[in-house]
Every structure is written in C-alpha cells, then in structure tokens.
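So you can see what is in the structure, the chains are spelled out below.
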Amino acid sequence: MSDGFPKLWKAQVRDVVCGARVKIVEPANVYECELADDCFVGPFVEIQKGVKIGPRTKIQSHSFICELVEIGEDCFIGHGVVFVNDLFSGGGPARGNRALWKETRIGNRVSIGSNATVLPVQICDDVVIGAGAVVTRDITISGIYAGNPARPIPRTASNET
C-alpha cells in the first residue's frame, strides 16, 4: 500500500574522483565517475557511474552522460546533449540488462553542439558535431558533422577557420 507520499531523491555529487580545479555548478547529479583536471560541469547535468571525462573538458547545462561513456581532453559538450547506451535492440528498453548496453568513446578536441544525441559510437579526435545532430555511426575522419543522421559537412571558405 502507498502512503500517498513520494520517495524523494536529491540531486547530489558523490563518490567522484576529481582532478585539480574541477568546477560543478549545482544542482547536478554526478556520481561514481572521474573528472580530470580543470573540468567544468554546468547545472542540471547528470553524469552516471563509470563515466570518465578528460582534462579541460566542459559539460554545459542540462546534458546527460550515461554509463559506458568516455570523453577525451579539451572537449566541449553543449547544452542539452544526450548520450545513449541502450539501443532498444530487443524492441524495447534493456530494463537494466547491462549486457545489452553499448559503449561510447569520444576523442580529444571534440565539440558537440547543443541538443545533439550521441548513440553508442566512437568519435575520433578533432571533430565538431552540429547542434541537434544525431550521431548514429562511428566517426573516424576529423571534420564537421551535422544532421540526422549526422553526416560530414564539406569544407568551404565559409566554415574554415
């Protein structure tokens, strides 16, 4: 029987291995993960257990980084970016069956634009993912990617810097 009151869980930062000068803006739910030197985590971010974030990486507000994600150094994760580890390969959620979850590895100097979704993939160094992109496949060549699914954007005079 229910007593009519919900069980409340508070956002928390717990059991985090932190390097030097790490900044976390509350409220944030960050637990059982690793944040290297000079990382920044904005408000309303969740970083789950086992995640590893490299030095000088910035995670902006409202992003979700699930288990089995590793992000390299000097990366930028925009506002509202979502990482996924469950592909619903059986036609529905894995319901805690970790054997169905997949890993994501993000290289160094990768920037991921706001509201992008990253499925379990490998992304090489020096990649830019456009805002709102959906990354469904490994990215093995440095460059700019955008769209759903994310595809390479040819270099032009207007996007080279």
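As a reminder, the structure under discussion sits directly above these lines.
Residues numbered from 1 in each chain as written. Predicted model: local features only at pLDDT ≥ 70, side-chain atom pairs only at ≥ 80, totals over all residues. Heavy atoms only, no water.

Asks: Residues and numbers for the overall build of the protein, please.
Replies: Helix and strand counts for the protein stand at zero helices and 21 strands. For 161 residues, the compact-globule estimate of 2.2 N^0.38 gives 15 Å, and the C-alpha radius of gyration of the protein, at 17 Å, lies within 12% of that figure. Each principal axis of the C-alpha atoms in the protein carries an extent, and together these give about 65 × 45 × 25 Å. Taking all 161 residues of the protein together, the buried fraction comes to 36%. The long-range fraction of contacts in the protein, counting pairs at least 24 apart against all pairs at least 6 apart in sequence, stands at 16%. For the protein, the distance from the average position of its 17 positive side-chain charges to the average position of its 18 negative side-chain charges is 3 Å. (Helix = DSSP H or I, 4+ residues; strand = E, 2+ residues; numbered from the N terminus. Rg over C-alpha atoms; globule rule 2.2 N^0.38 Å. Buried < 20%, exposed > 50% of the residue type's maximum accessible area, 1.4 Å probe, protein only. Contact = heavy atoms within 4.5 Å. Lys, Arg positive; Asp, Glu negative; His and termini not counted. Charge placed at Lys NZ, Arg CZ, Asp CG, Glu CD.)

Asks: Could you give me a rundown of the sheet that holds strand E11 (residues 69-71), with the residues and numbers involved?
Replies: If you trace the six strands from one edge of the open sheet to the other, you get E2-E5-E8-E11-E14-E17, paired in parallel fashion. Both edges of this open sheet fall to strand E2 (17-18) and strand E17 (122-123), since each of them pairs with a single strand only. Where E2 meets strand E5 (residues 34-35), two bridges bridge the pair, whose relative direction is parallel. Considered in E5, the bridge of Cys18 is made with Leu35. (Pairing = 2+ DSSP bridges.)

Asks: Could you give an account of the pattern of salt bridges, with specific residues and numbers?
Replies: Pairs can form between side chains of opposite charge once their charged atoms are near each other. Throughout the structure, instances matching the rule amount to 10 salt bridges. Notably, a salt bridge pairs Glu32 with Arg14, separated by 2.8 Å at the nearest N-O pair. A residue pair is termed long-range when its members are at least 10 positions apart, and Glu32 in the loop between strand E4 (29-31) and E5 and Arg14 in strand E1 (residues 13-14) qualify at 18 residues. Residue classification places Glu32 among the partly exposed residues on the basis of a relative accessible area of 34%. For the salt bridge of Glu67 with Arg98, the shortest nitrogen-to-oxygen distance reads 2.2 Å. Linking Glu67 in the loop between strand E10 (64-65) and E11 with Arg98 in the loop between strand E13 (82-83) and strand E14 (104-106), this pair joins segments that are 31 residues apart in sequence. Judged by relative accessible area, Glu67 falls into the buried class, the value being 11%. A relative accessible area of 43% means that Arg98 is categorised as partly exposed. Salt bridges sharing common partners tie together Arg14, Asp15 and Glu32. (Salt bridge = Lys/Arg side-chain N within 4 Å of Asp/Glu carboxyl O.)

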